Amino acid sequence: MIAGPERTPLPRAFFDRPVLEVAPDLLGRTLVRSSPDGPVELRLTEVEAYDGANDPGSHAFRGRTARNGVMFGPPGHAYVYFTYGMWHCLNLVCGPEGRASGVLLRAGEIQVGAELARKRRISARNDMELAKGPARLATALDIDRDLDGTDVCTAPGAPLSVLTGTPVAPDLVRSGPRTGVGGEGAPHPWRFWISDDPTVSPYRPHQPRRRAT
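Residues numbered from 1 in each chain as written. Predicted model: local features only at pLDDT ≥ 70, side-chain atom pairs only at ≥ 80, totals over all residues. Heavy atoms only, no water.

> Sorry if this is basic, but what is going on with the overall build of the chain here?
If you tally the helices and strands in the chain, you get four helices and eight strands. Compactness check: the chain gives a C-alpha radius of gyration of 16 Å against a globular reference of 17 Å for 213 residues, within 12% of the reference. For the C-alpha atoms alone, the extent of the chain along its principal axes is close to 55 × 40 × 35 Å. Counting every position in the chain, which comprises 213 residues, the buried fraction comes to 51%. Split by element, the accessible area of the chain, about 10,400 Å² in all, is 53% carbon and sulfur. The positive charge centre, built from 26 side chains, and the negative charge centre, built from 24, are 7 Å apart in the chain. (Helix = DSSP H or I, 4+ residues; strand = E, 2+ residues; numbered from the N terminus. Rg over C-alpha atoms; globule rule 2.2 N^0.38 Å. Buried < 20%, exposed > 50% of the residue type's maximum accessible area, 1.4 Å probe, protein only. Areas by Shrake-Rupley, 256 points an atom, 1.4 Å probe, with all protein chains shown as cover. Lys, Arg positive; Asp, Glu negative; His and termini not counted. Charge placed at Lys NZ, Arg CZ, Asp CG, Glu CD.)

> Is there a simple way to explain the pattern of salt bridges in this structure?
Any two side chains of opposite charge can pair, so long as their charged atoms come close to each other. Following the criterion strictly, the structure yields 16 salt bridges and no others. Between Arg17 and Asp25 there is a salt bridge, with the nearest N and O atoms lying 3.0 Å from each other. Given the relative accessible area of 22%, Arg17 is considered partly exposed. One salt bridge in this structure joins Arg125 and Glu129, with 2.4 Å as the shortest N-O distance. Note on Glu129: relative accessible area 9%, which makes it buried. (Salt bridge = Lys/Arg side-chain N within 4 Å of Asp/Glu carboxyl O.)

> It is not clear to me how a nonpolar patch on the surface should be interpreted in this structure. Could you clarify?
A cluster of nonpolar side chains, namely Phe82, Tyr84, Met86 and Trp87, defines an oily patch on the protein surface of about 480 Å² accessible area. Tracing the sequence through the fold places Phe82 in strand 3 (residues 78–83). Taking the relative accessible area as the measure of exposure, Phe82 reaches 38% and is therefore partly exposed. (Patch = residues over 30% accessible without salt bridge, like charges linked within 9 Å, V, L, I, M, F, W, Y side chains within 5 Å.)

> Got a minute to help me understand the nonpolar core in this structure?
Grouped burial of nonpolar side chains is what soluble globular proteins tend to show. With 42 residues, the main nonpolar core has Phe15, Leu26, Leu31, Leu90, Val103, Leu105 and Ile110 as its most contacted residues. Among the elements that line this core, the one with the most residues is strand 2 (residues 40–50), at five residues. Apart from the residues within four sequence positions on either side, Phe15 is in contact with Leu10, Val22, Leu26, Pro75, Gly76, Leu92, Val93, Cys94, Gly95, Val152, Cys153 and Val162. Formed by 11 residues, the second largest nonpolar core is a distinct cluster that contains Tyr81, Ala100, Leu104 and Val181. (Core = buried A, V, L, I, M, F, W, Y, C linked by side-chain atoms within 4.5 Å. Contact = heavy atoms within 4.5 Å.)

> Can you walk me through the environment of Leu26 in this structure?
Looking at where Leu26 falls in the secondary structure, it is placed in the loop between helix 2 (19–25) and strand 1 (30–33). Judged by relative accessible area, Leu26 falls into the buried class, the value being 0%. Placed 19 residues apart in sequence, Leu26 and Thr45 show a C-alpha to C-alpha distance of 8.4 Å. Not counting chain neighbours up to four residues away, the residues in contact with Leu26 comprise Leu10, Phe14, Phe15, Leu44, Val47, Leu92, Val103, Leu105 and Val162.

> Got a minute to help me understand the packing of aromatic side chains in this structure?
Aromatic ring pairs are defined here through the distance separating the ring centres and the angle between the ring planes. This model, assessed by the stated rule, comprises two aromatic pairs. Seen from their ring centres, Phe14 and Phe15 are 5.1 Å apart, and the 75 degrees between their planes marks the pair as edge-to-face. Relative accessible area serves as the criterion here: at 0%, Phe15 is assigned to the buried category. For the pair Tyr79 and Tyr81, a centre-to-centre distance of 5.7 Å together with 40 degrees between the ring planes defines the contact as tilted. Across this residue pair, the class does not change: Tyr79 and Tyr81 are buried. Lying across the ring of Trp193, Arg191 places its NZ or CZ 4.3 Å from the centre. (Phe/Tyr/Trp six-rings, centres within 6.5 Å; stacked < 30°, edge-to-face > 60°. Lys NZ or Arg CZ within 6 Å of the ring centre and 35° of its normal.)

> Mind showing me how you'd approach the pairing of strand 6 (residues 160–163) here?
Here is the key point about a regular strand: its side chains alternate between the two faces of the sheet. Burial along strand 6 is two-sided: the residues Leu160 and Val162 and Ser161 and Leu163 are all buried. Pairing geometry for strand 1 and strand 6, over four bridges, is antiparallel. Counterpart to Arg33 in the pairing with strand 6 is Leu160. (Pairing = 2+ DSSP bridges.)

Interpretation in functional terms is not warranted from these geometric data alone.
Okay, here's the thing in structure tokens:
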């Protein structure tokens, strides 16, 4: 594989910034998942920011737990959680240690390892759907809780790494409410995506759960 500036892992200082600076700056970067089955790489096209104690939508809003402990650690690590009893989602921890903010990786374009991603995402109708949504992204890259706490600021070849890639021009970045977030956090325009990119997932507002009668 050809080396170059775009193949350089992002430094920890990139993640050691306010979450609302890091999130849009991740668009266009390259996420690499290395495994014995082979590498899968994608270009990030959609993310969401979660601001810890300042954000009712964040897993860390009410403090540290066994589940969210990685969010309170150093920046530049993966926070992986399991949801709805069947899906994993991948986040990148940012901000100073103890702040517990992070960026949910919502979607991306598979650029290397599409054949492997297709085997993991057999229900995808086309390659644009392989990582179109956070659970699909995690499935295509074989992300699970075993990768919780992984340092993504290491050299290529580590289980997970984020490379410089090609940052997106600011005029192509769009923002709006986060998908499925209700309550006080609903209005925050903290979802960021690349304009007109076909891999970006559709927006869905929060739907309150109905109690059984």
